[in-house]
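Coordinate inspection notes
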Amino acid sequence: MFSMREAHAEMKRRFPNISFDIVFDVGANTGQSAKEFVVTFPKAAVHSFEPIRATFDKLAEATANLDRVVSHYCGLTDIRREGKMLSVGTSVSNMVVDDKTDGESTELVQLLRGDEFCQENSVDRINYLKIDTEGHDLAVLHGFDTMLRKLRVDFVEAEVSLNHRNPKHVPLEQVKSYLEERNYHIFCIAEQAFERADRNHLRRGNVIFVSEFAVHTNVDSSAKPHPWYPEAAPVLG
């Protein structure tokens with residue numbers, strides 16, 4: 001099983017022609033991933049998105065001395081709107097919930113659409129899009145639909161369910177189907193976690209997809225064609 005560090009190392013080894021300049025960290029929590037990204041991708045600007053006030057404050061504090069990290073006080077989804085999230089301190093399990101959900105442990109948050117954020121901030125390519133939103137990952141992907149259809153995102157990381165009895169995370173099959181329709185392929189599944197209560201089968205994992213554009217960019221033109229792919233891939237932009 002790959003750790004995320006091992007997955008990133010293998011990704012960089014296999015895709016030397018990809019310049020990792022822009023990283024999106026969607027569901028940044030208190031900056032755990034952001035701090036890893038500035039080490040893993042030493043040239044990258046890291047955009048971290050966190051909509052819960054208390055968590056965002058911790059994120060901003062944790063990354064205050066990291067010049068390449070920009071913290072955004074908002075979440076991402078499929079439609080720009082005000083939404084409601086479970087809000088229990090800085091828990092990594094805080095998540096978008098139905099607007100009808102009541103209780104003291106909820107918070108109104110600003111949710112933006114990824115395509116609109118990119119357009120408004122002149123982001124024309126994302127090299128690595130990490131999504132960890134506790135079951136909201138597919139909605140976040142929908143918000144990047146234009147960028148994805150144009151293959152303007154090189155790699156996508158999403159947290160997915162790996163068994164049909166895990167209702168919390170989006171099933172791998174749904175994310176895979178959505179991204180394959182947009183010419184993305186599975187690169188690897190990292191950080192696989194087993195089900196709780198000693199049930200010895202997988203519960204979830206972080207799957208990394210790679211775009212056809214990124215694959216084509218790193219094809220060795222001098223190599224003998226693989227029999228499954230007898231013709232050169234088209235140039236994609």
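Here the structure is a predicted model, which is why all the values come from computation and not from measurement.

**Looking at the overall build of the chain**
The helix and strand inventory of the chain stands at 8 helices and 12 strands. Residues counted as buried form 47% of the 237 residues belonging to the chain. In the chain, the proportion of contacts linking residues at least 24 apart, taken out of those at least 6 apart, comes to 68%.

**What to know about the pairing of strand β12 (residues 202-211)**
Taken across its 10 residues, β12 has 8 buried, putting it largely inside the fold. Where strand β9 (residues 153-161) lies against β12, 7 bridges are found, and the strand directions are antiparallel. Within the sheet, the bridge partner assigned to serine 161 lies in β12 and is arginine 204. Taken together, the 8 bridges between strand β11 (residues 184-194) and β12 define a ladder with antiparallel strand orientation. In the sheet register, alanine 190 faces β12, and the bridge partner there is asparagine 206.

**Side note on the nonpolar core**
Counting 33 residues, the largest nonpolar core has Phe24 and Phe144 as the members making the most contacts within it. Elements that contribute at least two residues to this core include exactly β1 (22-26), α4 (114-120), β8 (126-131), α5 (137-143), α6 (145-149), β9, α7 (172-180) and β12. Counting 21 residues, the second-largest nonpolar core is a separate cluster that includes Val23, Val46, Val69 and Tyr128.

**Description of the packing of aromatic side chains**
In the structure shown here, the tally under the stated rule is 13 aromatic pairs. An aromatic cluster is built from Phe15, Phe20, Phe37, Phe41, Tyr128, Phe155 and Phe187, whose rings are joined through pairwise contacts. Against the face of tyrosine 178 rests arginine 182, its NZ or CZ located 3.7 Å from the ring centre.

**Regarding helix α2 (residues 32-40)**
Among all positions of α2, only Ala34, Phe37, Val38 and Thr40 are buried. The buried residues of α2 all sit within an arc of 165 degrees when viewed along its axis, so they share a single face. Buried positions along α2 lie against α1 (4-14), β1, β2 (45-49), β3 (69-72) and β8.

**Looking at the pairing of β9**
Within β9, 9 of the 9 residues are buried, leaving the element largely enclosed by the surrounding structure. Relative to β9, β8 is paired through 5 bridges, and the arrangement is parallel. Among the inter-strand pairings, isoleucine 131 is bridged to a residue of β9, identified as alanine 158. Across 2 bridges, β9 lies against strand β10 (residues 170-171) in parallel orientation. If you follow valine 160 over to β10, its bridge partner there is valine 170.

**So, the confidence of the model for the chain**
Parts of the prediction with low pLDDT should not have their coordinates interpreted in detail. Scored by pLDDT, the chain has a mean of 87; 84% of the residues are at 70 or more. A low-confidence stretch, residues 228-237 stays under pLDDT 50, and its non-local contacts, those more than four residues away or across chains, total 12 contacts.

**Focus on the side chain of glutamate 157**
Locating glutamate 157 in the fold gives a position in strand β9. Summary of buried charges: glutamate 157 has no salt-bridge partner, and the nearest side chain of opposite charge, lysine 130, is 6.2 Å away. Engagement of the side chain of glutamate 157 in a polar contact is seen with the side chain of tyrosine 128, the distance being 2.6 Å. Apart from residues lying up to four places away in sequence, glutamate 157 is in contact with Met4, His8, Tyr128, Leu129, Lys130, Ile131, Asn206, Val207 and Ile208.

**Re the environment of proline 16**
As for its placement among the helices and strands, proline 16 is situated in the loop between α1 and β1. The class of proline 16 is exposed, set by a relative accessible area of 59%.

**A word on the pattern of salt bridges**
Scanning the entire structure with this criterion turns up 15 salt bridges. Between glutamate 120 and arginine 80 there is a salt bridge, with its nearest N and O atoms 2.7 Å apart. With glutamate 120 in helix α4 and arginine 80 in the loop between β4 (75-77) and β5 (81-86), this residue pair connects regions lying 40 residues apart in the sequence. Residue classification places arginine 80 among the partly exposed residues on the basis of a relative accessible area of 39%.

The rules behind these values
- Residues numbered from 1 in each chain as written.
- Predicted model: local features only at pLDDT ≥ 70, side-chain atom pairs only at ≥ 80, totals over all residues.
- Heavy atoms only, no water.
- Helix = DSSP H or I, 4+ residues; strand = E, 2+ residues; numbered from the N terminus.
- Buried < 20%, exposed > 50% of the residue type's maximum accessible area, 1.4 Å probe, protein only.
- Contact = heavy atoms within 4.5 Å.
- Pairing = 2+ DSSP bridges.
- Core = buried A, V, L, I, M, F, W, Y, C linked by side-chain atoms within 4.5 Å.
- Phe/Tyr/Trp six-rings, centres within 6.5 Å; stacked < 30°, edge-to-face > 60°.
- Lys NZ or Arg CZ within 6 Å of the ring centre and 35° of its normal.
- Arc of directions from axis to C-beta.
- pLDDT = per-residue confidence, 0-100.
- Lys, Arg positive; Asp, Glu negative; His and termini not counted.
- Salt bridge = Lys/Arg side-chain N within 4 Å of Asp/Glu carboxyl O.
- Polar contact = N/O pair within 3.5 Å; in protein donor to acceptor, adjacent residues only side chain to side chain.

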